[in-house]
Amino acid sequence: MSDIPQWCAANDLYRRLEPSSRLLLQQAMPTGAGKGDVLFRPGDPVQGFILLLSGHVGVYLTGQGGRDILLYDIKRGQTCIQTTLGLMGGDAYSAEAICESDCALALLPRPLFGELLDSSPVFRQYVFGAFSERMQTMMHLLEQVAFVRIEARLAAALLERAEGGAVHATHHDLATVIGTAREVVSRRLLALSKRGIVHLDRGVVTITDFDALRELSETV
């Protein structure tokens, strides 16, 4: 037991793997990244499979006009669909991954990823199960952007992120989350403020009428 790397002993995937596959996973390279660090950018080659051991990573897509949209979050035990696509299809990254907090990661180089995928049914189930879950997330995002009104998306985002009735986020942050422009979010927040649903301060949105905001989040 003492020969097992500490990060492996604490990893849920490692504990589920077959004994021979555990030995393979021990070859992964643990590393760390600080809040604000960029893990990959569009055009970067995919070097290996990333296991997020702790922390929070946001994966963003940037349009030609410079506007960002949050594609998905990665938290402990979750995987990155961009990485999986790159390893299996050979494509470079098309999005940007930014550490939203200090992170601990383990990198499985491409040959190690391929060996585990070929030899371990548990690892295959983990990879394809996570891939399916991420695809569902992407489909939900597409549905939201295409069919749900901006006011409803903004209301839902505020409710989801509220801590003690307050959302600590800039208008740009909220625009990135719901897939619109900062100016649009600013106008919608001002309208909500005039209706007494929220109170606006610099970098903070305080919810003053939760019932009205919930009703708005359910409109289509």
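Above: the structure in question.
Residues numbered from 1 in each chain as written. Predicted model: local features only at pLDDT ≥ 70, side-chain atom pairs only at ≥ 80, totals over all residues. Heavy atoms only, no water.

Visitor: For this particular structure, what's the right way to read the sheet that holds strand β3 (residues 48-54)?
Guide: Remark on secondary structure: sheet strands pair via backbone hydrogen bonds, oriented parallel or antiparallel. Spatially, the three strands line up as an open sheet ordered β1-β7-β3, and their pairing is antiparallel. Edge positions in the sheet fall to β1 (29-33) and β3, since each of these pairs with one other strand and no more. Averaged over all neighbouring strand pairs, the angle between strand axes comes to 30°, with direction disregarded. As paired strands, β3 and strand β7 (residues 103-109) are joined by six bridges and run antiparallel to one another. (Pairing = 2+ DSSP bridges. Helix = DSSP H or I, 4+ residues; strand = E, 2+ residues; numbered from the N terminus. Axes fitted to C-alpha atoms, helices over the stretch in contact; angles between N-to-C directions.)

Visitor: Explain the packing of helix α7 (residues 150-161) against helix α10 (residues 210-217) here, please?
Guide: Contact geometry for α7 and α10: axes closest at 7 Å, N-to-C directions at 130°. As far as their axial angle goes, α10 and α7 are oblique. As for how α7 packs across α10, the hand of that crossing is left-handed. Across the interface between the two elements, Glu-151, Ala-152, Ala-155, Ala-156, Leu-158 and Leu-159 of α7 pack against Phe-210, Leu-213, Arg-214, Leu-216 and Ser-217 of α10. Within the contact of α7 with α10, the residues separate by chemical class into eight nonpolar, one polar and two charged. (Parallel < 35°, antiparallel > 145°, perpendicular 65-115°, else oblique. Left-handed = near helix turned anticlockwise from the far one by under 90°. Contact = heavy atoms within 4.5 Å. Nonpolar A, V, L, I, M, F, W, Y, C, P; charged D, E, K, R; others polar.)

Visitor: Could you clarify how one ought to interpret the pattern of salt bridges in this entry?
Guide: Should their charged atoms come close, side chains of opposite charge can pair. Within this structure, the stated rule accounts for eight salt bridges. As a salt-bridge pair, Arg-161 and Glu-160 come within 3.5 Å of each other at their nearest N and O atoms. The shortest N-O distance in the salt bridge between Arg-214 and Asp-211 comes to 3.4 Å. Highlighted residues: Arg-214 and Asp-211, both in helix α10, separated by three residues, approximately one helical turn. Overall, Arg-214 belongs to the partly exposed group, its relative accessible area being 40%. You can call Asp-211 exposed: its relative accessible area is 58%. Among the charged side chains, a network of salt bridges with common partners joins Asp-12, Arg-15 and Arg-76. (Salt bridge = Lys/Arg side-chain N within 4 Å of Asp/Glu carboxyl O. Buried < 20%, exposed > 50% of the residue type's maximum accessible area, 1.4 Å probe, protein only.)

Visitor: Just to check I follow, could you spell out the sheet that holds strand β8 (residues 166-168) for this structure?
Guide: Here we have three strands laid out as an open sheet, ordered β8-β10-β9, and antiparallel in their pairing. Of all strands in the sheet, those with a lone pairing partner are β8 and β9 (198-201), marking the two edges. For this sheet the average axis-to-axis angle between neighbouring strands, irrespective of direction, equals 15°. With three bridges joining them, β8 and strand β10 (residues 204-207) adopt antiparallel strand pairing. Across the sheet, the residue bridging to Ala-166 is Thr-206, located in β10.

Visitor: Got a minute to help me understand the side chain of Thr-83 in this structure?
Guide: Of note, Thr-83 is situated in helix α4 (residues 81-89). Thr-83 gets classed as buried once you look at its relative accessible area, which sits at 1%. Every residue in contact with Thr-83, bar those within four places of it in the chain, is listed here: Phe-40, Val-46, Gly-48, Phe-49, Ile-50 and Tyr-93.

Visitor: Would you explain the state of the cysteines in this entry?
Guide: What makes a disulfide is a covalent bond joining the sulfur atoms belonging to two cysteines. On inspection of all chains with the given rule, the structure shows zero disulfides. Cys-103 takes part in no disulfide bond, and the closest cysteine sulfur to it belongs to Cys-99, at a distance of 3.9 Å. (Disulfide = S-S within 2.5 Å.)

Visitor: Help me out: how do you make sense of the packing of α4 against helix α6 (residues 121-147) in this one?
Guide: To characterise two packed helices, one gives the angle between the axes of the helices and the distance between these axes. It is at 10 Å that the axes of α4 and α6 come closest, and there the two elements cross at 125°. For the element pair α4 / α6, the angle class is oblique. Note on packing geometry: the crossing formed by α4 with α6 is left-handed. Taking contact as the criterion, the partners of Ile-81, Thr-84, Leu-85 and Met-88 in α4 are, on α6, Val-127, Phe-128, Phe-131, Arg-134 and Met-135. Each residue belonging to the contact of α4 with α6 can be placed in one class, and the counts come to seven nonpolar, one polar and one charged.

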